[in-house]
Amino acid sequence: MHRKTRPGHSLSSLDGIAELDLEAPVDSSATEALFILRGQDVSAKLTKSALQLTHQDGCCSWTREDLTVPFSEIFMAAKREARGKHKASWWACGSMLCRRRKPAHAVVIHTFQRDKRRPCKWRPLRLTLYSENADLVSQWASDISDAVRVASSRPQSLLVFINPFGGNRQAAQIWQSVAPIFQLTGTKCEVVETQWAMHARETVERLSTEDLQRQDGIIAVGGDGLFQEVLNAVLTVRARADDSQALAAARLRLGHIPAGSTDAVAFSINGTRSAFTAAAHIALGDRVGLDVMRVDSPGELPCFSVCYAAYGYMADLVRSSESMRCLGSLRYGLAGAANLLRGRSYHAKIHYLPSSSRSQGLECQSSCAVCAAAEEQDNSGLPSFSRPSPSAHSHSHASHWQQADGSYKSIMVIVSPCRSDMSPAGLSRYSHLSDGRLTLVLVKRCSVLQYLRFMATIPYTGVRAGPFAELIDAKAVEILPEGEQSCWNIDGELHTGSIKAQVHRCLVDVFSRGIETR
Ligand SMILES: Nc1ncnc2c1ncn2[C@@H]1O[C@H](COP(=O)(O)OP(=O)(O)OP(=O)(O)O)[C@@H](O)[C@H]1O
């Protein structure tokens, strides 16, 4: 099947994009030809970066849309061998049925299509281009395969962890449903089904330098808790003194195939909880940088999060929902209602370092301008917690530590949009994947009804500033609970005591391209 590139039809790579030299093709049939697609005549053309399919005039051709399929979005193209003697078949064609003989040879292209209303959600698409010319079909299958090979940095080898107890215990089935995508792209997957909590973390932390070098990425098939385990393991290895091991861990990309109860990581980076979409981003080798929040608490090892740390209501909710795990995601609703009625508030002292950038009321999306601007401004300097100089609670000095204290129903430090079924727009709607900014949410003591009103808007707008709620853009935060204490919910894991949180811009790369809006 594999054919070497011919002179005059060279493939070269420029910034990861296929450079298909069409200036001097050896033979014009190689770059433009007629095929039959779903019973319709189409003119197919290979451009520098895509396959273009244009429907020709004919019966019901107006019902078909022309297509441009970038090589970077093709999982695989292959010649379909002739299957014996072909019978004439009926092809559905608009409102009519046209009798047309199916040619014996075909190029099959495995790609995906975007949902019309939510382009970030993808579905598999197979395009079969028929022709009677066997040589033409071989040539096109080969040319498209060559172009696909250089079109993106696809992972060759992945380490995949499956948590059989995540969410509704469907992780193994979800993996089975998406595994064929990796067969199409020829990605080798080493699959480990976790046997105990922290199995994934321990496994990654024990990998030798050679084992790490063999992998291009680590994938969590489960919920946010499993992704968090993998993230923490990789960052722990990166912090090791062994340079070669740290370097090998630093080039790993992380992926999340959603199979948990919340799946905020996959939802936030891809804009959808679709397992196919997540797997497609991984197999196609998409890459986007992700901010990570480092959380330090006394006497504990640092912990890393890509979602949020919450104190008060949101932590009490997770603590009490743990005993209801058998109810799946329903447990959050029940535990939420019980804690709402309890109506507790907690005293805390807060120091924070305001961020120089502001959220600007723009949602994060693929090729995000806000994240790009943050990259330009990035001075890479991490804030020091050693001498916070608290001043009066004001926003006037962006580079100085500020202070707040009081009785709070809820305190949240959010690093990414944190989308979930409960808040599809994001818990923090205007947080970004890589803008180097935390959103500190302070919800002061208020009545059950007032808090209920604040909570009721979250599914539609995310957390919003209001009479009891303050939203602060920050780079670092220190929170010191006082008196009776709640606990911390950090991406679903519980911690106690004070915390220091700071954002590390683009600390890890994940298999995603951000949220596509068109
Ligand atoms: N085999 C296992 N047995 C028990 N616990 C496990 C196992 N594998 C992983 N875990 C732990 O289960 C916890 C929850 O898993 P996971 O995040 O995958 O699902 P979830 O909690 O249902 O989803 P979400 O975090 O999205 O709400 C993780 O913290 C992980 O450490």
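Reading the values: the criteria
Residues numbered from 1 in each chain as written. Predicted model: local features only at pLDDT ≥ 70, side-chain atom pairs only at ≥ 80, totals over all residues. Heavy atoms only, no water. Helix = DSSP H or I, 4+ residues; strand = E, 2+ residues; numbered from the N terminus. Buried < 20%, exposed > 50% of the residue type's maximum accessible area, 1.4 Å probe, protein only. Areas by Shrake-Rupley, 256 points an atom, 1.4 Å probe, with all protein chains shown as cover. Arc of directions from axis to C-beta. Near = heavy atom within 4 Å. Polar contact = N/O pair within 3.5 Å; in protein donor to acceptor, adjacent residues only side chain to side chain. Nonpolar A, V, L, I, M, F, W, Y, C, P; charged D, E, K, R; others polar. Domains from an automatic or database assignment. Axes fitted to C-alpha atoms, helices over the stretch in contact; angles between N-to-C directions. Parallel < 35°, antiparallel > 145°, perpendicular 65-115°, else oblique. Left-handed = near helix turned anticlockwise from the far one by under 90°. Contact = heavy atoms within 4.5 Å. Pairing = 2+ DSSP bridges. Salt bridge = Lys/Arg side-chain N within 4 Å of Asp/Glu carboxyl O. pLDDT = per-residue confidence, 0-100. Core = buried A, V, L, I, M, F, W, Y, C linked by side-chain atoms within 4.5 Å.

## Some points on the overall build of the protein chain
Line of reasoning, step 1. Each helix and strand in the protein chain was counted, giving 12 helices and 25 strands.
Line of reasoning, step 2. Taking all 518 residues of the protein chain together, the buried fraction comes to 54%.
Line of reasoning, step 3. When the accessible surface of the protein chain is totalled, it reaches about 23100 Å², and 52% of it is carbon and sulfur.

## Some thoughts on helix H6 (residues 243-250)
Line of reasoning, step 1. All buried positions along H6 are accounted for by Gln245, Ala246, Ala248 and Ala249. Looking straight down H6, one finds its buried side chains confined to an arc of 160°; they lie on one side. Facing away from the buried surface of H6 by more than 90 degrees, the exposed residues are Asp243 and Leu247.

## A look at the site of the ligand
Line of reasoning, step 1. The immediate surroundings of the ligand are formed by 22 residues, with Thr194, Gly223, Gly225, Glu229 and Ser261 found nearest.
Line of reasoning, step 2. Thr262 is positioned with one of its side-chain polar atoms (N or O) 2.9 Å from an oxygen atom of the ligand.
Line of reasoning, step 3. Protein chains bury 87% of the 630 Å² of accessible surface belonging to the ligand in isolation.
Line of reasoning, step 4. At 4 residues, helix H5 (residues 224-238) tops the list of elements feeding residues into the shell around the ligand.
Line of reasoning, step 5. Counted by class, the shell around the ligand contains 6 nonpolar, 11 polar and 5 charged residues.
Line of reasoning, step 6. Both domains that furnish three or more residues to the shell around the ligand are identified here as domain 2 (153-286) and domain 3 (298-505).

## Re the packing of helix H2 (residues 171-185) against helix H8 (residues 275-283)
Line of reasoning, step 1. The interhelical angle for the contact between H2 and H8, taken along N-to-C directions, is 30°, at an axis separation of 10 Å. It follows from the interaxial angle that H2 and H8 lie roughly parallel. Here H2 runs over H8; the crossing is right-handed. Between H2, through Ile174, Val178, Ile181, Phe182 and Thr185, and H8, the contact on the second element is made entirely by Ala275, Phe276, Ala279, Ala280, Ile282 and Ala283.

## Section: the environment of Ala259
Line of reasoning, step 1. As for its position among the elements, Ala259 is in the loop between strand S15 (253-258) and helix H7 (264-270).
Line of reasoning, step 2. For Ala259, a relative accessible area of 6% gives the class buried.
Line of reasoning, step 3. Here the alpha-carbon distance between Ala259 and Val221, two residues 38 residues apart in the chain, equals 5.9 Å.
Line of reasoning, step 4. Discounting chain neighbours no more than four positions away, the residues touching Ala259 are Gly166, Gly167, Ala171, Ile174, Val221, Gly222 and Gly223.

## Notes on the environment of Pro180
Line of reasoning, step 1. Inspection of the secondary structure puts Pro180 in helix H2.
Line of reasoning, step 2. A relative accessible area of 39% means that Pro180 is categorised as partly exposed.
Line of reasoning, step 3. Sequence separation of Pro180 and Ala279 is 99 residues, and the distance between their C-alpha atoms is 9.8 Å.

## Considering the sheet that holds strand S5 (residues 50-55)
Paired through backbone hydrogen bonds, the strands of a sheet run either parallel or antiparallel to each other.
Line of reasoning, step 1. Pairing is antiparallel in the open sheet, where 7 strands are placed in the order S6-S5-S4-S3-S11-S10-S7. This sheet does not close on itself; its edge strands, each paired only once, are strand S6 (67-70) and strand S7 (76-80). For this sheet the average axis-to-axis angle between neighbouring strands, irrespective of direction, equals 35°.
Line of reasoning, step 2. Sheet topology places strand S4 (residues 40-46) next to S5; 5 bridges connect them, and they run antiparallel. By the bridge assignment, Leu46 is partnered in S5 with Leu51.
Line of reasoning, step 3. Relative to the sheet, H8 contacts strand S10 (105-114) and strand S11 (122-131), its axis offset from that of S11 by approximately 65°.

## Concerning the pattern of salt bridges
Line of reasoning, step 1. Throughout the structure, instances matching the rule amount to 20 salt bridges.
Line of reasoning, step 2. Put simply, Arg149 and Asp146 hold a salt bridge, and the shortest N to O gap is 3.0 Å. Taken together, the residues span about one helical turn, with Arg149 and Asp146 both in helix H1 (residues 134-151) at a distance of 3 residues.
Line of reasoning, step 3. Overall, Asp146 belongs to the buried group, its relative accessible area being 5%.
Line of reasoning, step 4. Close ionic contact of Arg429 with Glu363 constitutes a salt bridge, the shortest N to O distance being 2.5 Å. One end of the pair, Arg429, is in the loop between strand S20 (402-414) and strand S21 (438-444); the other, Glu363, is in the loop between strand S19 (346-354) and helix H11 (369-377), and 66 residues separate them in sequence.
Line of reasoning, step 5. In this structure, a network of salt bridges that share partners links the residues Glu73, Arg114, Asp286, Arg513 and Glu516.

## Some remarks on the confidence of the model for the protein chain
Line of reasoning, step 1. Averaged over all residues, the pLDDT of the protein chain is 86; the fraction at 70 or higher stands at 85%.
Line of reasoning, step 2. The model gives residues 1-29 a pLDDT under 50, and that stretch makes 60 contacts with residues more than four places away or in other chains.

## Considerations on the nonpolar core
Line of reasoning, step 1. By size, the foremost hydrophobic cluster in this structure holds 59 residues, and its most contacted members are Phe161, Ile218, Leu231 and Leu427.
Line of reasoning, step 2. With 8 residues, the single largest contributor to this core is H5.
Line of reasoning, step 3. Those residues within four positions of Phe161 in sequence are excluded, and the remaining contacts are Val192, Thr194, Ala200, Thr203, Val204, Ile218, Ile219, Ala220, Val221, Leu226 and Val230.
Line of reasoning, step 4. Grouped together as the second largest cluster of nonpolar side chains are 26 residues, Tyr352, Ala404, Ala501 and Val503 included.

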